[in-house]
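As a plain string of letters, each chain reads:
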Amino acid sequence: MSRRGRRKSRKKFPLFAAVMVIYVIVGVIVSFVLWGKLRSYAEDYEASLPKYGMDEVIAALSANNVESVVREDTLVTELKYEGLEEYRTYLKQKLAGKSVTMQEAKAATKEVPRYLVLADGEPVMEVSLKVTGKNAHDMDLWGYDKIYADKYSISDLHYEITVPTGSVVRVNNVPIGDAEIARDENGEARITEIADLQVIREYVDELPSFTTYEVSGFLLEPQISATDKNNSPLQLTREDNLYSAGLPVYQSAADEVAALVPTIMEAYGNHFIGLNSGGIYQYLLPGSQYKEDLKTATTYFYPTSRITSHTFSNEKCEDFVTYSEDCVSCHIYFDLIVTFNSAAYKTKNEGADATWIFVKRDGTWYLAQVLRQKNIEYKEG
């Protein structure tokens, strides 16, 4: 080869080498670019998976920072008597010191992902997700939407509350309504009338009764209270999960009746031993059946002419029940020892042991009915 040819070859080689170097460099750059894009795509794809929309929820619950995710706009609940704060308190108790994990819920769909949250393996709530944005590759980004905890949180606590009809019952300070009135096996409202008062039904405008309510579905032990129709607090007593309240006390009505009882006792006792037998009628309710029945009761056979003494003692008037401001009952007791001037007649106790029902009419109290009258034996000494 001539010297000229060798020079030409040497000139061509550096050009080829340069081209190859450039090719390799471009290839490396393209590879890095493609790798970067592929990596970015993979990262965006990974981040677009719905499960990562739960990160904020799991982090908050793991730190027991319930307030940040359980809010008015996220909590879905059908509870009537417990609100957001009660739910937060309950969930904090369930999560405290426990490992919080998640798994896909059975109700999950592609359109609405849903996850079950567990505390030490125990289900606590379900969380649905929603699309919150798009990433650089136009993939959906997910975040939490709604929290459903009722299914895993509501206890089987069940309460019955029996109060005078017309009272207002409050559960966690929320008034309950007619929908919570308990029903019997026939579907009838459990409104219980007072048996003793049926005998005076026609003499009063309204007889008191008791209504029983049923409430259930709670997170925590509820606070139950009641007020009467005048908005005065009722004293509730509790036995297991049964609450009850007696009738309100109208002390002035009880006091008025108590003041009359001693006089009526004497007139009542004298009537049944044939002394001043008409004196009792002024204290009996006009038009009442009891007054009519007493008028037809015969006392003429009583040996009035043989009585040498009659003594009242041990008078008691107690156990007042104020059914209303115009209706009161009480238990009365008195001994009425009657002696005679003839050995043919033994000393007798003609006292009374009974329940008396009083009705107020036109401002005056009357004895309307006598219930459970017991015979009292005479005991010497």
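See the structure shown above.
Residues numbered from 1 in each chain as written. Predicted model: local features only at pLDDT ≥ 70, side-chain atom pairs only at ≥ 80, totals over all residues. Heavy atoms only, no water.

**As for the layout of surface pockets**
Put simply, the largest pocket is a space of about 490 Å³. Lining the largest pocket are 25 residues, and of these Glu 206, Pro 208, Lys 229, Tyr 323 and Ser 324 lie nearest its centre. Listing elements by their share of the lining of the largest pocket, those giving two or more residues are β14 (307-324) and β17 (352-361). In terms of residues, the lining of the largest pocket owes the most to one element, β17, which gives 3 residues. (1 Å grid on protein atoms, 1.4 Å probe; cavity = no way out; pocket = protein on both sides within 12 Å on 5 of 7 lines; lining within 4 Å. Points joined across faces, edges and corners; volume = space filled by probe spheres on them. Helix = DSSP H or I, 4+ residues; strand = E, 2+ residues; numbered from the N terminus.)

**Looking at the packing of aromatic side chains**
Each aromatic ring pair is specified by the distance between its two centres and by the angle formed by the two planes. One pass over the full model with this rule turns up 8 aromatic pairs. Residues Tyr 268 and Trp 356 carry aromatic rings whose centres are separated by 5.0 Å and whose planes lie at 55° to one another, so their mutual orientation is tilted. Taken together, the residues Tyr 268 in helix α5 (residues 251-272) and Trp 356 in strand β17 connect sequence positions 88 residues apart. Here Tyr 268 falls in the buried class, since its relative accessible area comes to 6%. (Phe/Tyr/Trp six-rings, centres within 6.5 Å; stacked < 30°, edge-to-face > 60°. Buried < 20%, exposed > 50% of the residue type's maximum accessible area, 1.4 Å probe, protein only.)

**Here we look at the nonpolar core**
One recurring pattern in soluble globular proteins is that nonpolar side chains are buried together. Judged by nonpolar contacts, the single largest core of 30 residues is most densely connected at Tyr 268, Ile 280, Ile 332, Trp 356 and Phe 358. Those elements that place two or more of their residues in this core are α5, α6 (289-296), β15 (327-340), β17 and β18 (364-371). Discounting residues that sit within four places of it in the chain, Tyr 268 has contacts with Ile 280, Tyr 290, Phe 334, Ala 352, Trp 356, Val 370 and Gln 373. Core analysis: the next-biggest nonpolar cluster, separate from the first, contains 28 residues, Met 54, Ala 60, Tyr 115 and Ala 149 among them. (Core = buried A, V, L, I, M, F, W, Y, C linked by side-chain atoms within 4.5 Å. Contact = heavy atoms within 4.5 Å.)

**Notes on the sheet that holds strand β12 (residues 236-239)**
Here 5 strands make up an open sheet; going across it, the order is β9-β10-β6-β13-β12 and the pairing mixed. The open sheet terminates on both sides in strands that have one partner only, identified here as β9 (191-193) and β12. Put simply, the sheet's adjacent strands are angled 20° from each other on average, direction ignored. With 3 bridges joining them, β9 and strand β10 (residues 209-216) adopt antiparallel strand pairing. Within β10, the position partnered with Glu 193 by the bridge is Ser 209. (Pairing = 2+ DSSP bridges. Axes fitted to C-alpha atoms, helices over the stretch in contact; angles between N-to-C directions.)

**Notes on the sheet that holds strand β11 (residues 224-227)**
The antiparallel open sheet is built from 3 strands, whose spatial order is β8-β7-β11. This sheet does not close on itself; its edge strands, each paired only once, are β8 (174-175) and β11. Here strand β7 (residues 168-171) runs beside β11; their pairing, made up of 4 bridges, is antiparallel. Note that in β11 the partner of Arg 170 across the bridge is Ser 225.

**Description of helix α2 (residues 55-62)**
Those residues of α2 lying buried are Val 57, Ile 58, Ala 60 and Leu 61. Looking straight down α2, one finds that the buried residues subtend no more than 165° of arc, so they occupy a single side. Following α2 by one or two positions, Asn 64 has its phi on the positive side, about 55°. (Arc of directions from axis to C-beta.)

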